[in-house]
Structure formats: structure tokens, C-alpha cells
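The chain contents come next:
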Amino acid sequence: MKFKILICLLLTAGALSAQNGLEGLWTGSIIEKSTGETLPVELYLTLEKGYIKGMSYIHVTKDSVITQELVGKMYQDRSIYMREVTDREYSIDNLNPEVLEGGKYVRKYQFEFKRSIWESSLNGFWQEITPTPFAVERKLGQIKLERKKPGDSSRV
């Protein structure tokens, strides 16, 4: 009897962790600080060899979506650093902290991953990377995401 209970607990724990992990579809909004403009955004994230890979979809209008490839890493405190990747300048096989910080990209993100059995969230900040980091026209802001629930067919 005790063995059956142990097996049930182990199976339940595995199902919960798979359901509420980082991988999957995240939806929410990206907010630009200077204008207050809020745009719907979706992130699709996967884990590969200790790094996070993903795609971002920022819905500028109903018919216009900005799509970017992302790469990043989660740290022990559940903080996440991600950046956009251009020109496919990296390979997961040779990714390391120096490559993660280098390369050509437009935007980088810093997230806090709050994992819950009810509603997991990714909240944080983003900023454009420009040759002049203190320029007034440089954009930055917040990003707020929730894990898309299986079976939820609503769009962003």
C-alpha cells in the first residue's frame, strides 16, 4: 500500500513540474516606458543544454507582428537573462557566457520567473541595445507575461 502511494506522489509531482515549468507559450504585454504604449506579446520558450531558446512575437497591429529569435539563461535565483539573436550567429553547442553577451542584437530582457501551480509568471524589463546607450531615443520598458494554459484558445 505504501509503495502505491509513493508511486502516485512521484507521478503527480512530475506532472506538476512539467505543467508549470519555463517551457511553453507565454502571453502578455510589452510596455514602452517613454510613451506608455502597450503591445500584446507572446514568447515561446524551450530548454536546450542548460540554455533557453525561444521566439518572441510582438503584435504591433492586427496584421503586423515583429518576430525575433531569443537565447538566454536562467540563474539559480530564477532570474533570467535573454537577448534577441540576429543572423543566426550562435549555436547551442558552442554557447557560453561570452557568446551570450556578445553578438548582434537589438533588445535584451531581464525576467523574474515566478513558478506556481496556479499561475506562473515572467515579469521584468527590456531595453534596446544601441551604440549610444544614453540616447533619449533609446527605448526601454517593462514586460509582463503569464503562462498560456493548455486548452485556452484566446489570442493575445
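Residues numbered from 1 in each chain as written. Predicted model: local features only at pLDDT ≥ 70, side-chain atom pairs only at ≥ 80, totals over all residues. Heavy atoms only, no water.

1. Here's the deal with the environment of Met 74
Relative to the helices and strands, Met 74 is located in strand E4 (residues 64-74). Between the alpha carbons of Met 74 and Leu 22 there is a distance of 9.6 Å; along the sequence they are 52 residues apart. Residues in contact with Met 74, not counting those within four places in the same chain, are Leu 22, Ile 52, Ser 79, Ile 80 and Phe 113. (Helix = DSSP H or I, 4+ residues; strand = E, 2+ residues; numbered from the N terminus. Contact = heavy atoms within 4.5 Å.)

2. Some points on the confidence of the model for the protein
Residues with a pLDDT of 70 or more make up 69% of the protein, whose mean pLDDT is 77. Across residues 8-20, confidence stays below pLDDT 50; counting only partners more than four residues off in sequence or on other chains, it has 11 contacts. (pLDDT = per-residue confidence, 0-100.)

3. Side note on the sheet that holds strand E2 (residues 38-48)
Within a sheet, adjacent strands bond to each other through the backbone by hydrogen bonds, running parallel or antiparallel. Here we have 8 strands rolled up into a closed barrel, ordered E1-E2-E3-E4-E5-E6-E7-E8, and antiparallel in their pairing. Here the strands of the sheet are splayed against their neighbours by 30° on average, with no regard to which way each runs. Two strands pair when backbone bridges link them, and E4 and strand E5 (residues 79-85) are joined in this way by 6 bridges, in the antiparallel orientation. Residue Lys 73 lies in a different strand from E5, and its bridge partner there is Tyr 81. (Pairing = 2+ DSSP bridges. Axes fitted to C-alpha atoms, helices over the stretch in contact; angles between N-to-C directions.)

4. Some thoughts on the side chain of Glu 42
Within the secondary structure, Glu 42 is located in strand E2. Polar side-chain contacts of Glu 42 include one of 3.2 Å to the side chain of His 59. (Polar contact = N/O pair within 3.5 Å; in protein donor to acceptor, adjacent residues only side chain to side chain.)

5. Considering the pattern of salt bridges
Under the definition given, this model contains 2 salt bridges. Between Lys 53 and Glu 48 there is a salt bridge, with the nearest N and O atoms lying 3.8 Å from each other. Judged by relative accessible area, Lys 53 falls into the partly exposed class, the value being 24%. Taking the relative accessible area as the measure of exposure, Glu 48 reaches 32% and is therefore partly exposed. Between Glu 84 and Arg 107 there is a salt bridge, and its shortest N-O distance comes to 3.1 Å. (Salt bridge = Lys/Arg side-chain N within 4 Å of Asp/Glu carboxyl O. Buried < 20%, exposed > 50% of the residue type's maximum accessible area, 1.4 Å probe, protein only.)

6. A closer look at the pairing of E2
Both strand E1 (residues 24-32) and E2 contribute to a ladder of 8 bridges, which runs antiparallel. Bridge assignment links Ser 29 to a residue of E2, and that residue is Pro 40. In sequence, E1 turns back onto E2 through a hairpin of 5 residues, with Gly 36 there showing a positive phi of about 80°. Pairing between E2 and strand E3 (residues 51-61): 8 bridges, direction antiparallel.

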